[in-house]
Amino acid sequence: MAIAERYLADDEQLVHVTRQHWTEMVSEFVVLCLIWVAAAVLVWIVPSGEDWSATAFYIIVGLGLLASLKYWLVPLLKWRSKLYILTTKRIYKRSGFLTKTSRSIPLARVNDVGFKATLWERIMRYGTLTIQSASEHGMMTLRHVPQPEHFKAEIYRAVDEEQHQL
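Residues numbered from 1 in each chain as written. Predicted model: local features only at pLDDT ≥ 70, side-chain atom pairs only at ≥ 80, totals over all residues. Heavy atoms only, no water.

Overview of the nonpolar core
Note the threshold: For our purposes a nonpolar core is just a set of buried Ala, Val, Leu, Ile, Met, Phe, Trp, Tyr and Cys residues, chained together by side-chain atoms within 4.5 Å. Relative accessibility thresholds used throughout: buried, under 20% of the residue-type maximum; exposed, over 50%; partly exposed, between the two (1.4 Å probe, protein chains only). Secondary structure elements are defined from DSSP: runs of H or I of at least 4 residues count as helices, runs of E of at least 2 residues count as strands, and each element is numbered from the N terminus. Throughout, a contact is declared for two residues whenever any of their heavy atoms are within 4.5 Å.
Counting 16 residues, the largest nonpolar core has I91, V110, I131, L142, F151 and I155 as its most contacted members. Of all elements in the fold, only strand 2 (83–87), strand 5 (110–116), strand 6 (126–133), strand 7 (139–146) and helix 5 (148–165) reach the threshold of two or more residues within this core. It is helix 5 that contributes the most residues to this core, four residues altogether. Non-local contacts of V110, meaning those with residues more than four positions away in its chain, are made with I91, I105, I131, Q132, S133 and V159. By size, the runner-up hydrophobic cluster in this structure holds six residues, among which are A4, Y7, L83 and Y92.

Points about the packing of aromatic side chains
Rules: Stacked, tilted and edge-to-face are the three classes assigned to paired rings of Phe, Tyr and Trp, where Trp is represented by its six-membered ring and a pair needs centres within 6.5 Å; plane angles under 30 degrees give stacked, over 60 edge-to-face, the rest tilted.
Scanning the model with the defined rule gives one aromatic pair in all. Measuring from ring centre to ring centre gives 5.5 Å for F57 and Y58, while their planes differ by 70°; the resulting arrangement is edge-to-face.

Overview of the sheet that holds strand 5
Basically, it comes down to this: Strand pairing is assigned whenever DSSP detects at least two bridges linking the two strands. For helices, the fitted axis covers only the stretch in contact; all axes are lines through C-alpha atoms, and the angles between them, taken along N-to-C directions, range from 0 to 180 degrees.
Sheet architecture is open: three strands sit in the order 5-6-7, paired in antiparallel fashion. Edge positions in the open sheet fall to strand 5 and strand 7, since each of these has one partner strand only. Ignoring which end each strand starts from, the neighbouring axes of this sheet average 20° apart. In this sheet, strand 7 lies alongside strand 6 in antiparallel orientation, the contact comprising six bridges. Opposite T130, over in strand 7, you have T141 as the bridge partner.

Re the packing of helix 2 (residues 26–45) against helix 3 (residues 53–81)
As a reminder, the rule being used: To sort the angles, those under 35 degrees are grouped as roughly parallel, those over 145 as roughly antiparallel, those from 65 to 115 as roughly perpendicular, and the leftovers as oblique. All amino acids are sorted into three groups, where Ala, Val, Leu, Ile, Met, Phe, Trp, Tyr, Cys and Pro are nonpolar, Asp, Glu, Lys and Arg are charged, and the leftover types, Gly among them, are polar.
The contact between helix 2 and helix 3 brings their axes to 9 Å, and the two run at 175°. On the basis of their axis angle, the class for helix 2 and helix 3 is roughly antiparallel. Facing helix 2, whose interface residues are E28, F29, V31, L32, I35, W36, A39, L42 and V43, helix 3 presents F57, I60, V61, G64, L65, A67, S68, Y71, W72 and P75. Taken together, the residues that form the contact of helix 2 with helix 3 break down as 16 nonpolar, two polar and one charged.

With respect to the pattern of salt bridges
Going by this rule: For this document, the term salt bridge refers to a Lys or Arg side-chain nitrogen within 4 Å of an Asp or Glu carboxyl oxygen.
Overall, the coordinates contain three salt bridges when judged by the stated rule. In this structure, R90 engages E12 in a salt bridge whose closest nitrogen and oxygen atoms are separated by 3.1 Å. With a gap of 78 residues between them, R90 in strand 3 (residues 90–95) and E12 in the loop between helix 1 (2–5) and strand 1 (14–18) connect regions that are remote in the sequence. Measuring nitrogen to oxygen at the nearest pair gives 2.9 Å for the salt bridge that ties R157 to E154.

Considering the pairing of strand 4 (residues 101–106)
Bridge count for strand 3 against strand 4 is six bridges, and the pairing is antiparallel. In the strand pairing of strand 4, K93 is matched with R103. Where strand 3 folds back on strand 4, the antiparallel hairpin that results is connected by five residues, among which G96 adopts a positive phi of roughly 100°.

Description of helix 5
Rules: The span one expects for a helix is its residue count, reduced by one, times 1.5 Å. The arc refers to the directions leading from the helix axis to the C-beta atoms.
For helix 5, built from 18 residues, the straight-helix expectation of 26 Å at 1.5 Å per residue is met to within 8% by its first-to-last C-alpha distance of 26 Å. Listed as buried for helix 5 are P148, F151, E154, I155, A158, V159 and E162. All buried residues of helix 5 fall inside an arc of 135° around its axis, so they share one side. Those residues of helix 5 that are exposed and angled more than 90 degrees off the buried face are E149 and H164. Among the structural elements, strand 1, strand 2, strand 3, strand 5, strand 6 and strand 7 are those in contact with the buried residues of helix 5.

A closer look at the side chain of E121
Test applied: Under the convention used here, Asp and Glu are negative, Lys and Arg are positive, and both His and the chain ends fall outside the count.
Along the chain, E121 turns up in helix 4 (residues 119–124). We note that E121 is buried and unpaired, the nearest opposite charge coming from K116 at a distance of 6.0 Å. Not counting residues within four places of it along the chain, the set of residues in contact with E121 comprises K116, Y126 and G127.

What follows is the structure in structure tokens.
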């Protein structure tokens with residue numbers, strides 16, 4: 001992913017980058033559909049021959065657009081901006097499109113990597129990774145990670161390579 005390249009230091013190479021699983025956005029898509037179904041019903045209910053019906057139409061559509069922005073577009077932008085990045089030196093968790101937050105753990109400090117996936121998450125191929133480190137912050141949790149076992153294996157592989165270089 002080209003967006004992850006800009007976060008790398010000079011001595012780092014990108015190993016793996018991912019976003020949260022797409023199922024994170026399913027509820028927001030359902031809300032978007034419900035908003036526009038409700039708007040369509042309201043437009044259908046408003047009588048068409050009245051003087052105020054055109055104004056009511058524009059108000060309903062405007063409220064539908066505002067609700068779509070709040071309940072679908074903003075969560076979509078948050079989802080798109082959350083990245084989990086594994087490099088040859090560290091693990092990054094970056095998020096935010098207006099207010100950016102970032103957390104990283106050097107690979108040399110990683111003690112343990114675990115994952116949890118319920119039956120539904122295993123069917124949909126995502127889960128939660130927990131990364132324990134020897135730093136003062138202790139643990140990093142990565143939620144809704146696509147293919148968590150693969151990402152866990154990539155982390156262990158990168159940790160082993162980092163420890164062999166030390």
